[in-house]
Amino acid sequence: MSRIQSTFQQLQRSGRKALIPFITAGDPDGDLTLPLMRALVAGGADIIELGVPFSDPMADGPTIQRASERALAGGMSLKRVLDIVRSFRAVDDITPVVLMGYANPIEAWGQAAFAAAARDAGVDGVLVVDYPPEECVDFTAAVRAAGLDQIFMLAPTSSEQRFRDVARSGSGYIYYVSLKGVTGAATLDFDEIGRRIPQIRAAVGMPVGVGFGIRDAVSAKKIGALADAVVIGSRIVEEIEASPREQAVEKLEAFVRGLRAALDELAGV
Amino acid sequence: MADTQYLLPDALGHFGQHGGVFVAETLMPALAELRAAYEESIEDPVFQAEFAHELKHYVGRPSPIYHARRLSDSLGGAQILLKREDLNHTGAHKINNCIGQALLARRMGKPRVIAETGAGQHGVASATVAARYGFECVVYMGSEDVKRQAANVYRMKLLGATVVPVESGSKTLKDALNEAMRDWVTNVSDTFYIIGTVAGPHPYPVMVRDFQTVIGKESLVQMPELFGRQPDVVLACVGGGSNAIGIFHPYIPYEEVKLVGVEAAGDGIETGRHAAPLTANARIGVLHGNRTYLMQDEHGQIIETHSISAGLDYPGVGPEHSFLKDSGRVEYVAVTDAEALAAFHSLCHLEGIIPALESSHALAQAMKIAPTLGKDKLLLVNLSGRGDKDMHTVAERSGIQF
């Protein structure tokens, strides 16, 4: 069983929801990424989504784009992201790490070689924004062969047929994009999300996380009541952006702790 | 003769190993909807008749083929013929595609159109059709290009469009495209994205191609009428590659006609400061929804491109061009800024035609090969646009400030 699957099983047993924060590797610099990842765990993260910076992040809003630009300016690369994951694994053998990014750095590496290198580094899952299932059949096979989970997105525009397509190719969990738009956009329609999640869960047979547009403990708790996992990205990246470098680790841990507490109220922990 | 030698792309928009639909999940249904609407429109004689009518009465087609005799004589070799897309309404071939996509937007009931633009030609063409058909229009343009192309920005505003300067990344065409994609993903239910070139996710490369092939189809008829036969060589500049596909595609089955795509060599291929992924044998990668030859660093990050011509200043190229390079049917070469400028000035002086800097690349290549060929050889150059928009750039190169 993959680290991601066993994480969700354990959470389910205790009636808790998964908290999945996102940070961009190399933001604000490569040296701080490992301490920030550990702060996420200390604050109560269940899974870490680690962003691989790309020069042209088409699906991201301005916050994560700026984080990508900072990371690339500091020389971050897919190879160095794996180095960071390797360092993380040396001190944390429990928390799953999902790499989230765009296709081209993987294409440049070579799909199969990357999948093997990611596994060796201790990566658990990959989410490639611009690889829809029908365009990455070989990559999906390579990811599976390496024993990794490939996480796919579903959107408010997705049809039920699409749920089934994505379920066939994906594993680990499904990332439901809670709104039409880019990361960090404003408003959430909780009623709509509440209608969609049970349909998706029934169709895909795996946990469903919701991301895009979750800004605070209140919205995290509302989403947690509907979904299996809450993904929070832009707001976390803003926290890092707004903090002086020496305070970033501490501030991030406190922020994540607040989200954790709100989510755990749902389980009565 | 068959319409083409190949029946591409496949159902998902693949031209061999290139093309495809590499977008975020939110856009997949929108692209499926667009594909369905486009396929219906191809079969619909009413749509096709209206497209033809608009091209004739609004754009001013067919565009003439002009024999540049003084230019040809000065070179002492092959005859240079110009397909005058610069004479279209709005001054470039871009309008052909915009008319087609606007008719499609109307058919799909979308009240709002968006576009990206580099030099501003596609933005102006999009703003033009938005005014013509009554759409709200937002054009994304890199803030660097907004500065360089102030006149075109004002033209778009006159036409009623909102121009949004894009401050991210390199602040040029690729970043404008990123931003337009973000708008589309956010407003996908009421918005039609008019992509200006034969790149992007399927069906854009094939749809834009089909709207632009009017250029080559006209040439196929005009050449025998004017010169008794088809040309020996057809040349066109390639950035994304829409004007080139437009004139090449109908000629693909004519094996005796050589096809030459001309990329921007900028300061020179050897300097690395260029925008010529095909000529420089760039690696294949994924950007803006399709797989294609792509200028990138060893880590797969897209690198900045360089060309005097904003319209060619793009790190990728339409996937069908990548396929045509692999198949060998089209030869791709590159021309430097300096060579393009020299061709620009020659055409001004010898023919009284001010060409776009983009088109000047194709012209420069024709001028390079003309002296090596006999006087009976015919070179057909797609003069894709007029150069009024480039006054500033050319003057600046000559040390002149307006």
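S.K.: Just checking my understanding: could you explain the pattern of salt bridges for this structure?
M.R.: A side chain of one charge can pair with a side chain of the opposite charge when the charged atoms of the two come close. Scanning the entire structure with this criterion turns up 48 salt bridges over all chains. One salt bridge in this structure joins R235(A) and E239(A), with 2.9 Å as the shortest N-O distance. Of the two residues, R235(A) and E239(A) both sit in helix 11 (residues 234-242), four residues apart, roughly one turn of that helix. By the burial criterion, R235(A) is buried, and E239(A) matches it. Across the pair R84(B) and D86(B) runs a salt bridge, and its minimum N-O distance is 2.8 Å. Here R84(B) matches D86(B) in class, with each residue buried. In this structure, a network of salt bridges that share partners links the residues E134(A), R162(A), D165(A), R168(A) and E25(B).

S.K.: I would appreciate a short explanation of the interface of chain A and chain B in the present structure.
M.R.: Put simply, an interface is often sized by how much accessible area is lost when its parts join up. Contacts between chain A and chain B engage 36 residues on the former and 36 residues on the latter. In total, chain A and chain B occlude about 2800 Å² of area from one another, counting both sides; carbon and sulfur atoms represent 51% of this. Inspection of the region where chain A meets chain B yields three salt bridges. With its nearest N and O atoms 2.6 Å apart, the salt bridge here joins E107(A) to R291(B). Taken together, chain A and chain B are joined by 18 residue pairs in polar contact (both at pLDDT 80 or more). For the side of chain A that touches chain B, the element with the highest residue contribution is helix 5 (residues 103-109) of chain A, accounting for five residues. When the residues that make up the side of chain A that touches chain B are grouped by side-chain class, the tally is 19 nonpolar, eight polar and nine charged.

S.K.: In this structure, what is going on with the sheet that holds strand 6 (residues 136-142) of chain B? I would like to understand it.
M.R.: The strands making up a sheet associate through hydrogen bonds between their backbones, and the pairing can be parallel or antiparallel. All names here are of chain B. With parallel pairing, the four strands of this open sheet are ordered in space as 7-6-5-8. Two strands bound the open sheet, and with one partner strand each, they are strand 7 (162-166) and strand 8 (191-194). With direction set aside, neighbouring strand axes in the sheet form an average angle of 25°.

Rules used in this analysis
Residues numbered from 1 in each chain as written. Chains lettered and ligands numbered in written order. Predicted model: local features only at pLDDT ≥ 70, side-chain atom pairs only at ≥ 80, totals over all residues. Heavy atoms only, no water. Salt bridge = Lys/Arg side-chain N within 4 Å of Asp/Glu carboxyl O. Helix = DSSP H or I, 4+ residues; strand = E, 2+ residues; numbered from the N terminus. Buried < 20%, exposed > 50% of the residue type's maximum accessible area, 1.4 Å probe, protein only. Contact = heavy atoms within 4.5 Å. Buried area = accessible area lost by both parts, 1.4 Å probe. Polar contact = N/O pair within 3.5 Å; in protein donor to acceptor, adjacent residues only side chain to side chain. Nonpolar A, V, L, I, M, F, W, Y, C, P; charged D, E, K, R; others polar. Pairing = 2+ DSSP bridges. Axes fitted to C-alpha atoms, helices over the stretch in contact; angles between N-to-C directions.

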